[in-house]
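Geometric and topological summary
Single-letter residue listing:
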Amino acid sequence: MKKLIIINGPNLNLLGKREPNIYGSLSFTEFLDEVKEKYPEVHLEYFQSNIEGELIDKLHDVGFSYDGVILNAAAYTHTSVGIGDAIKGIETPVVEVHISNTFAREEFRHQSFISPNAKGVILGFGLQSYELAIQSFL
Ligand code: DQA
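Residues numbered from 1 in each chain as written. Predicted model: local features only at pLDDT ≥ 70, side-chain atom pairs only at ≥ 80, totals over all residues. Heavy atoms only, no water.

What follows deals with the packing of aromatic side chains. Per the counting criterion, the structure on display carries four aromatic pairs. Centroid distance phenylalanine 28 to phenylalanine 31: 5.5 Å. Interplanar angle 55 degrees. Geometry classified as tilted. Of the two residues, phenylalanine 28 and phenylalanine 31 both sit in helix α2 (residues 28-38), three residues apart, roughly one turn of that helix. A residue is classified by how much of its surface remains accessible, and phenylalanine 31, at 7% relative accessible area, is buried. Residues phenylalanine 28 and tyrosine 130 carry aromatic rings whose centres are separated by 4.9 Å and whose planes lie at 65 degrees to one another, so their mutual orientation is edge-to-face. (Phe/Tyr/Trp six-rings, centres within 6.5 Å; stacked < 30°, edge-to-face > 60°. Helix = DSSP H or I, 4+ residues; strand = E, 2+ residues; numbered from the N terminus. Buried < 20%, exposed > 50% of the residue type's maximum accessible area, 1.4 Å probe, protein only.)

Given below as structure tokens:
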């Protein structure tokens with residue numbers, strides 16, 4: 001059984017309530033329940049934190065034993081050398097995801113410290129971006 005984890009960064013705990021015109025009105029737990037039902041062959045874990053160091057600690061925890069990480073580092077995508085370095089330092093491949101098309105938004109969202117270290121990048125498909133990332137590991 002493939003062991004995957006979705007790691008979500010800051011403010012993504014507010015999904016469903018936060019700027020629904022951009023991020024949709026489904027909460028992440030509702031979405032996760034649907035996905036878990038759809039992919040019973042996958043061991044799928046979920047972790048969310050608003051704290052940069054906790055995201056780095058989680059990458060270290062899973063990064064030598066899991067088959068894949070699906071990472072939406074949210075705002076830290078555009079600022080965090082530390083998360084970029086953590087991905088370089090682990091063995092588990094990381095797929096970067098974003099709900100919105102960050103390239104169609106403000107200029108500061110075009111920069112990513114994750115992308116150069118990621119196996120691939122999926123963005124702009126709403127919550128389906130996460131599902132496409134799961135499929136990429138299967
Ligand atoms: C996001 C895009 C980021 O620019 C933003 O800071 C987020 C969410 C997305 O999934 O579209 O919080 O990562």
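From this point on, the discussion continues.
The next thing to look at is the site of the ligand. Contacts to the ligand come from Arg18, Tyr23, Asn72, Ala74, Ala75, His78, His98, Ile99, Ser100, Thr102, Arg105 and Arg109. In this structure, an oxygen atom belonging to the ligand sits 3.0 Å away from a side-chain N or O atom of arginine 18. Measuring from an oxygen atom of the ligand, one finds a side-chain N or O atom of serine 100 at 2.6 Å. Taking 320 Å² as the accessible area of the ligand by itself, protein coverage stands at 99%. Classifying every residue of the shell around the ligand by side-chain character gives four nonpolar, five polar and three charged. (Near = heavy atom within 4 Å. Polar contact = N/O pair within 3.5 Å; in protein donor to acceptor, adjacent residues only side chain to side chain. Areas by Shrake-Rupley, 256 points an atom, 1.4 Å probe, with all protein chains shown as cover. Nonpolar A, V, L, I, M, F, W, Y, C, P; charged D, E, K, R; others polar.)

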